[in-house]
Amino acid sequence: MLDALLSRLNRWALQHIGREWVDYLASNTMTDFNRRWNDFIWTYELQAIVVGIKDEAPDVKTLTLMPNQLWKGAEPGQYIPLRANINGETLTRYYSLSPMEGDCFTITVKRIKGGKVSNWVHEHVKPGMVLGIGQPQGHFCYRQQSKILFISAGAGITPAYSMLKALMAYHIRPDMAMYAQFASAQDVIFKDTLQRWRSEGLALTTALSRPSPDDKASGRFAPTLDVSNIDTLIPDFRERDIYLCGPQGFMDKVVNILKEKGYDLGKLDSERFVAHEIKPLTPEDFKAAQAEIYFRHLDRRVQLTEDDQGLSLMQIAERHQVPIETGCRQGMCGTCKLTLREGDVVGNMLGNAVYLCTAFPASNKLVLDA
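Keep in mind that this is a model prediction, so the values were computed, not measured. One numbering rule holds for all chains: residues counted from 1, following each sequence as written. Only residues with pLDDT of at least 70 are given local features in this predicted model, and only at 80 or more are side-chain atom pairs given and counted; all residues enter the totals for whole chains, interfaces and linings. Only hydrogens and water are set aside; all other atoms, that is, all heavy atoms of the structure, feed into the side-chain values.

A.B. asks: Would you take a moment to explain the sheet that holds strand β6 (residues 130–133) for this structure?
C.D. replies: Adjacent strands of a sheet form backbone hydrogen bonds with each other and so pair up, either parallel or antiparallel. Note: two strands are recorded as paired if DSSP finds a minimum of 2 bridges between them. Comment: elements are numbered from the N terminus, with helices defined as DSSP H or I runs of at least four residues and strands as E runs of at least two. Pairing in this open sheet of 6 strands is antiparallel, and the strands run β4-β3-β6-β1-β2-β5 from one edge to the other. Across the chains shown, the open sheet's two edge strands, defined by having one partner strand only, are β4 (89–96) and β5 (105–110). Neighbour-to-neighbour, the strand axes of this sheet turn through a mean angle of 45 degrees, independent of strand direction. Sheet topology note: the strand β1 (residues 47–57)/β6 ladder contains 3 bridges and is antiparallel. Here the axes come from fitting lines to C-alpha atoms, over the contacting stretch only for helices, and the angles between their N-to-C directions go from 0 to 180 degrees.

A.B. asks: Even after reading the chapter, I still don't get the packing of aromatic side chains, so can you show me in this structure?
C.D. replies: Geometry of aromatic contacts follows a simple scheme: Phe, Tyr and Trp rings, the Trp one being its six-membered ring, pair when their centres are within 6.5 Å, and the pair is stacked under 30 degrees between planes, edge-to-face over 60, tilted otherwise. Scanning the model with the defined rule gives 9 aromatic pairs in all. For the pair Phe 150 and Tyr 243, a centre-to-centre distance of 5.4 Å together with 25 degrees between the ring planes defines the contact as stacked. Of this pair, Phe 150 sits in strand β7 (residues 147–153) while Tyr 243 is found in strand β10 (residues 241–245), placing the two residues 93 residues apart along the sequence. Like Phe 150, the residue Tyr 243 is buried in the burial classification. Members of the aromatic cluster, joined through ring pairs, are Phe 140, Phe 150 and Tyr 243. In this arrangement the basic side chain of Arg 301 is found over the ring face of Tyr 294, its NZ or CZ atom lying 4.0 Å from the centre. For every residue, the accessible area obtained with a 1.4 Å probe (protein chains only) is divided by the maximum for its type, and the residue is called buried under 20%, exposed over 50%, and partly exposed between those limits. Charge-over-ring placement is defined geometrically: NZ (Lys) or CZ (Arg) within 6 Å of the ring centre, and within 35 degrees of the ring normal.

A.B. asks: Just to check I follow, could you spell out the nonpolar core for this structure?
C.D. replies: Among buried residues, those of type Ala, Val, Leu, Ile, Met, Phe, Trp, Tyr and Cys that are joined through side-chain atoms within 4.5 Å constitute a nonpolar core. Counting 28 residues, the largest nonpolar core has Phe 150, Ile 157, Met 178 and Leu 194 as the members making the most contacts within it. Going through the elements one at a time, β7, α5 (157–167), β8 (175–182), α6 (191–199), β9 (203–208) and β10 are the ones with two or more residues in this core. Looking at this core, the element that brings in the most residues is α5, giving 6 residues. Note on definitions: a residue-residue contact is assigned when non-hydrogen atoms from the two residues lie within 4.5 Å. Apart from residues lying up to four places away in sequence, Ile 157 is in contact with Ser 152, Met 178, Ala 180, Phe 182, Ile 189, Phe 190 and Leu 194.

A.B. asks: Could you clarify how one ought to interpret α5 in this entry?
C.D. replies: Every α-helical turn comprises 3.6 residues, leaving residues that sit three or four positions apart pointing alike. Here α5 lies mainly inside the structure; 10 of its 11 residues are buried. Along α5, the residues that are buried comprise Ile 157, Thr 158, Pro 159, Ala 160, Tyr 161, Ser 162, Met 163, Leu 164, Ala 166 and Leu 167.

A.B. asks: I would appreciate a short explanation of the environment of Glu 45 in the present structure.
C.D. replies: The residue Glu 45 is located in the loop between α3 (32–37) and β1 in this model. Placed 18 residues apart in sequence, Glu 45 and Ser 27 show a C-alpha to C-alpha distance of 12 Å. Ignoring sequence-local partners within four residues, the contact set of Glu 45 consists of Asn 68 and Leu 70.

A.B. asks: What is the right way to look at the sheet that holds β10 in this model?
C.D. replies: In spatial order, the strands read β9-β8-β7-β10-β11; together these 5 strands make up an open sheet with parallel pairing. In this open sheet, the two edge strands, each paired with only one partner strand, are β9 and β11 (268–271). Geometrically, the sheet is characterised by an average inter-axis angle of 15 degrees between neighbouring strands, direction not taken into account. Against the sheet, helix α9 (residues 248–260) contacts β7, β8, β10 and β11, and its axis sits at roughly 155 degrees relative to β10.

Next comes the structure, spelled out in structure tokens:
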């Protein structure tokens, strides 16, 4: 009872007093007593109240969250770390968030077999709970291109949905198209919103990887993407900048299709939240004393030494004090991701995107860019 009342009080304060004034009040009245009776407002940690929960599809839930006054804002397509204390162990997972509406945003969580955090969210998170979160991260955001294509599969639709939601509200929109793949019709995430956007002019192709006989008979779904049909399903894909997100196997398949069709991978951006298993590799022709990495976006050149042998690109950058951005350090969040412009890299790559924390130099000259 008291927790529910306190939750409503905190929501009222954020909505009617405003985050700036709440932040001013809390920072000037920070006492142990205040922190004990209301550690959502009187805190140094970013947290969010669960305002609502919606079932999007089987094993997929959307959580509406209201962050406290420490929230700094986000760009559509970014993600947040979500912290969960499970059996005394603090675990962190990353989820894309929707644009803010009424001081709230949403994250969409798909239950993963054996996934500790996703199962905890589905089984234990209730409205009124307070969750530990982090500030938004990532660069998987719209960059003002005139023609764009979103390609997604399953829960990978969430960052694309976030960007589309913002773009569909523009008075003058870019030329947008979307290919979204799901297992079956019942697994389609954001179904009602996608249908509304289609009626509002979005060029939307929805495909099913495991359609039922009724799904096939409906005629509402396209075949899954492959080399033979991409020109039919998305005739102008070569002209568009592509945003890609989904399971690793799906993204690898799409990248291979694009390569075979001669697409400029420099126009491809990608996001993923699953660690990519790699084996550190040191090719015989990699001679550290002669090798150089050029971080073009920072205009920094690193002359490698023997001590850099076997280090990841992130470790090399940090050792030479190159100010790159870092995140999970496990090849998951994409914060450190850069684009390979010249040279060769082994390890964690998708197209030309290089995840510095789990990728290694494989040639004597490398050029990386934002």
